[in-house]
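These are the residues of each chain, in order.
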Amino acid sequence: MGFMYYGSQGHELEIDDRPLLHLKVALLSMLRAGHSVAFSMSRPVNQGSGRETLWISPTPDLRFRFIGGRLPAINDDWVRAIIASANSPVGMRICQEPAPARATSLAV
């Protein structure tokens, strides 16, 4: 399990390391390009259930913390699918990982 912290108050979302890595690559790609994005996710029962949407822009604080020490390969198709979801009515979300067509070992 890893964490994404956002805003000056350091609000946190707990996300498995592998999806978090792909979300990080997707979000940083959009933020580097100057885009803001709505990110939506369901909250697990142990975190109170429900859904949450964050408005993430290039200026607020954003931090990622990974529990695992091993850097997984990045599934480029998954990163593209996460970025593509940003144009949906509910905003960017972590979608199901597609079968990897190609992967790189470079973790960002």
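Residues numbered from 1 in each chain as written. Predicted model: local features only at pLDDT ≥ 70, side-chain atom pairs only at ≥ 80, totals over all residues. Heavy atoms only, no water.

J.: Hey, could you run me through the sheet that holds strand 2 (residues 11-15) in this one?
T.: The pairing of strands in a sheet comes from backbone hydrogen bonds and takes either a parallel or an antiparallel form. Spatial ordering of the open sheet is given by 2-1-5, a layout of 3 strands whose pairing is antiparallel. One side of each edge strand has no neighbouring strand; the edge strands of this open sheet are strand 2 and strand 5 (62-65). In this sheet, neighbouring strand axes are inclined to one another by 20 degrees on average, regardless of whether the strands run parallel or antiparallel. Both strand 1 (residues 2-6) and strand 5 contribute to a ladder of 4 bridges, which runs antiparallel. (Pairing = 2+ DSSP bridges. Helix = DSSP H or I, 4+ residues; strand = E, 2+ residues; numbered from the N terminus. Axes fitted to C-alpha atoms, helices over the stretch in contact; angles between N-to-C directions.)

J.: Looking at this model, I keep getting lost on the packing of aromatic side chains. Mind explaining?
T.: Centre distance and the angle of the planes are the two values used to describe a pair of aromatic rings. Scanning all chains against the criterion turns up 1 aromatic pair. Here Arg63 stacks its cationic end above the ring of Tyr5, 4.0 Å away from the centre of that ring. (Phe/Tyr/Trp six-rings, centres within 6.5 Å; stacked < 30°, edge-to-face > 60°. Lys NZ or Arg CZ within 6 Å of the ring centre and 35° of its normal.)

J.: Sorry, what's going on with the side chain of His22 here?
T.: Summarising the element assignment, His22 is placed in helix 1 (residues 17-32). Judged by its relative accessible area of 0%, His22 is buried. Apart from residues lying up to four places away in sequence, His22 is in contact with Ala73, Ile74, Asn75, Trp78, Val79 and Ile82. (Buried < 20%, exposed > 50% of the residue type's maximum accessible area, 1.4 Å probe, protein only. Contact = heavy atoms within 4.5 Å.)

J.: Help me understand the pattern of salt bridges in this model?
T.: Close approach of charged atoms lets side chains of opposite charge pair. In this structure the tally under the stated criterion is 2 salt bridges. Of the charged contacts, one joins Arg18 and Glu97 as a salt bridge, the two residues approaching to 2.6 Å between their closest N and O atoms. Taken together, the residues span a long stretch of sequence, with Arg18 in helix 1 and Glu97 in the loop between helix 2 (76-85) and strand 7 (103-104) at a distance of 79 residues. Asp77 is the partner of Arg80 in a salt bridge, and the nearest nitrogen-oxygen pair spans 3.0 Å. Taken together, the positions of Arg80 and Asp77, both in helix 2 and 3 residues apart, correspond to about one turn of that helix. (Salt bridge = Lys/Arg side-chain N within 4 Å of Asp/Glu carboxyl O.)

J.: Would you mind showing me how to read the nonpolar core here?
T.: One recurring pattern in soluble globular proteins is that nonpolar side chains are buried together. Met4, Leu13, Leu23, Leu27, Phe39, Ile56 and Met92 are the most contacted members of the largest nonpolar core, which has 24 residues in total. The leading source of residues in this core is helix 1, at 8 residues. Contact partners of Leu13, with chain neighbours within four places excluded, come to Gly2, Phe3, Met4, Tyr6, Phe39, Met41, Arg43, Glu52 and Leu54. (Core = buried A, V, L, I, M, F, W, Y, C linked by side-chain atoms within 4.5 Å.)

J.: Explain helix 1 to me, please; I cannot follow it from the model alone.
T.: Residues spaced three or four apart along an α-helix point in a common direction, a consequence of the helix completing one turn every 3.6 residues. In a regular helix each residue adds 1.5 Å, so 16 residues correspond to 22 Å; helix 1 covers 22 Å between its end C-alpha atoms and thus fits that length. Of all the 16 residues making up helix 1, 12 are buried; the element is thus mostly covered by neighbouring parts of the structure. Those residues of helix 1 lying buried are Asp17, Pro19, Leu20, Leu21, His22, Leu23, Lys24, Val25, Ala26, Leu27, Met30 and Leu31. Count one or two residues on from helix 1 and you reach Gly34, which has phi positive near 85 degrees. (Expected span 1.5 Å × (residues − 1).)

J.: Quick question: what am I supposed to make of helix 2 here?
T.: Regarding helix 2, the residues found buried are Asp76, Trp78, Val79, Ile82 and Ser85. The backbone nitrogen of Asp77 has a side-chain oxygen 3.0 Å away, supplied by the residue at the start of helix 2, namely Asn75. (Polar contact = N/O pair within 3.5 Å; in protein donor to acceptor, adjacent residues only side chain to side chain.)

J.: Looking at this model, I keep getting lost on the environment of Arg93. Mind explaining?
T.: Within the element layout of this structure, Arg93 appears in the loop between helix 2 and strand 7. When the C-alpha positions of Arg93 and Ser42 are compared, they lie 9.3 Å apart, and in sequence the two are 51 residues distant. Those residues in contact with Arg93, other than ones at most four positions away along the chain, are Phe39, Ser40, Ile82, Ser85 and Ser88. Polar side-chain contacts of Arg93 include one of 3.0 Å to the side chain of Ser88. Here Gly91 takes part through its backbone oxygen, which lies 3.4 Å from a polar atom of the side chain of Arg93.

Any link to function would need more than the numbers given here.
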